[in-house]
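Now for the letters of each chain:
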Amino acid sequence: MKLVRDTWLIFQQEAGLMVRNPVMVAFSLAQPITYLILFAPFLKVVMVDRGASTYADAYRIYVPGLFVAMGLFGGLFAGYGLLSALRAGIIDRCRVTPVSRTGLLLGRALMHVCLNVVQAMVVTLVALPFGLRVHLANLLVSYALLSVMVLLSTSISYDIALLVRNENSLGVLVNTVGQPVSLLAGVLIPLVLAPMWIQRVAVWNPFAWATDGMRALFAGQITQAVVWQGALIMSGLAAASLFWSSHLFNRDVS
């Protein structure tokens, strides 16, 4: 119970700081909305032979991929905030309080989860006038899957940040890892259009499973095996990565 309470307290603090900076939140939405408006219509032409005969079909294909991209990169850059807090002495000041050190980490991670889910809601609302239609239950499950993805990518970013302890190194590693992972997840173009060797490599990419599961949800196929398979893979990896992040964080601030 103490861990839950402390995590909630840190989450409230971090969320409050984010709410007081609405300009940053607005700018973080600029890129996904730009891609939504300017890139998604191309899929209608590219995917016309694979069922995307209308713009609504194109958005049902692209919006889930956009969610995965947001969850991946939105979490991978979370390490900058942790490094900033460590460098500013915020973490050291929290150490002298009874707050759980694991709660310090989880509360920050949950703030990024909340931010990305809110962004996904805004993207969904923007896509509705373009013809996007998705069942409410499927949409809610997709938000839950997105939350797990953000937890995984955020914890990975924390792992890297705590190991390299340098913003420049973090940026290089995040971009080096994030770009190929997102491409091999099929976030822009579905992997069914890729050469067979790329599809075989993508099988080992957990975010590719999440993308397929997300697209199945938007297609109204919530009972497809890929949905629970993607959720299971994401959940297992997120739990393992969070455990390792907590270990590194507790050792670092000891």
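Residues numbered from 1 in each chain as written. Predicted model: local features only at pLDDT ≥ 70, side-chain atom pairs only at ≥ 80, totals over all residues. Heavy atoms only, no water.

## Here we look at the environment of Ser142
Structurally, Ser142 can be placed in helix α8 (residues 136–164). Separated by 74 residues in sequence, Ser142 and Ala216 have C-alpha atoms that sit 9.6 Å apart. Every residue in contact with Ser142, bar those within four places of it in the chain, is listed here: Phe67, Met214, Leu217 and Phe218. (Helix = DSSP H or I, 4+ residues; strand = E, 2+ residues; numbered from the N terminus. Contact = heavy atoms within 4.5 Å.)

## Topic: the nonpolar core
Among the nonpolar cores identified, the biggest contains 56 residues, and Val63, Phe67, Met149, Phe207 and Met214 are the most heavily contacted of them. Those elements that provide at least two residues to this core are α3 (40–46), α4 (55–76), α5 (79–88), α7 (101–127), α8, α9 (167–184), α11 (206–218) and α12 (225–252). Formed by five residues, the second largest nonpolar core is a distinct cluster that contains Phe11, Ala15, Met111 and Leu115. (Core = buried A, V, L, I, M, F, W, Y, C linked by side-chain atoms within 4.5 Å. Buried < 20%, exposed > 50% of the residue type's maximum accessible area, 1.4 Å probe, protein only.)

## Digging into the side chain of Asn116
Locating Asn116 in the fold gives a position in helix α7. For Asn116, a relative accessible area of 2% gives the class buried. A polar contact is formed between the side chain of Asn116 and the backbone oxygen of His112, at a distance of 2.8 Å. With residues near it in sequence (within four places) discarded, Asn116 still touches Met70, Gly71, Gly74, Leu146 and Val150. (Polar contact = N/O pair within 3.5 Å; in protein donor to acceptor, adjacent residues only side chain to side chain.)

## Quick word on the pattern of salt bridges
Across all of its chains, the model carries two salt bridges by this definition. Of the charged contacts in the structure, one is a salt bridge between Arg87 and Glu167, with a shortest N-O distance of 2.5 Å. Highlighted residues: Arg87 in helix α5 and Glu167 in helix α9, separated in sequence by 80 residues. Classification of Arg87 as exposed rests on a relative accessible area of 53%. (Salt bridge = Lys/Arg side-chain N within 4 Å of Asp/Glu carboxyl O.)

## Regarding the side chain of Ser182
Mapped onto the elements, Ser182 comes out in helix α9. Apart from the residues within four sequence positions on either side, Ser182 is in contact with Leu72, Phe73 and Val187.

## Focus on the confidence of the model for the protein
Confidence along the protein averages 83 in pLDDT terms, with 93% of residues attaining 70 or more. Mean pLDDT per element in the protein: α3 is the minimum at 67, and α11 is the maximum at 92. (pLDDT = per-residue confidence, 0-100.)

## Focus on α11
A rise of 1.5 Å per residue sets the reference length of α11, with its 13 residues, at 18 Å; its end C-alpha atoms lie 19 Å apart and thus fit the reference within 8%. For α11, the buried fraction is high: 10 of the 13 residues fall into the buried class. Of all the positions in α11, only Phe207, Ala208, Ala210, Thr211, Gly213, Met214, Arg215, Ala216, Leu217 and Phe218 are classed as buried. Note on α11: the residue one or two positions beyond its end, Gly220, has a positive phi of about 80°. (Expected span 1.5 Å × (residues − 1).)

## Structural notes on the UniProt feature "transmembrane region" (unreviewed entry) in the protein
Here, the residues flagged by UniProt with the feature "transmembrane region" (unreviewed entry) are residues 21–41, 61–83, 104–128, 140–164, 176–198 and 218–244. Helix makes up 96% of residues 104–128 and strand makes up 0%, while its end C-alpha atoms are separated by 37 Å. Taken end to end, residues 218–244 has its terminal C-alpha atoms 33 Å apart, with 78% of it in helix and 0% in strand. (UniProt positions renumbered as here; feature names shortened; annotations may be inferred.)

## So, the packing of helix α2 (residues 22–38) against α7
Helices that pack against each other are described as a pair by the angle of their axes relative to one another and the distance between those axes. The interhelical angle for the contact between α2 and α7, taken along N-to-C directions, is 40°, at an axis separation of 10 Å. One finds that α2 runs oblique with respect to α7. For α2 against α7, the interelement crossing comes out right-handed. Here Val25, Ser28, Leu29, Pro32, Ile33 and Leu36 of α2 come into contact with α7, specifically with Leu115, Gln119, Val122, Val123, Val126 and Ala127. Along the lines of polarity and charge, the residues of the contact of α2 with α7 split into 10 nonpolar, two polar and no charged. (Axes fitted to C-alpha atoms, helices over the stretch in contact; angles between N-to-C directions. Parallel < 35°, antiparallel > 145°, perpendicular 65-115°, else oblique. Left-handed = near helix turned anticlockwise from the far one by under 90°. Nonpolar A, V, L, I, M, F, W, Y, C, P; charged D, E, K, R; others polar.)

## Some remarks on the environment of Leu38
Along the chain, the position of Leu38 falls in helix α2. Each C-alpha atom, one on Leu38 and one on Val164, is 37 Å from the other, the two residues being 126 residues apart in sequence.

## Re the packing of aromatic side chains
Taken as a whole and assessed by the stated rule, the structure comprises five aromatic pairs. Summarising the aromatic geometry, the rings of Phe67 and Phe218 are spaced 5.7 Å apart at their centres and angled 75° between planes, so their arrangement reads as edge-to-face. Of this pair, Phe67 sits in helix α4 while Phe218 sits in helix α11, and the two are 151 residues apart along the sequence. (Phe/Tyr/Trp six-rings, centres within 6.5 Å; stacked < 30°, edge-to-face > 60°.)

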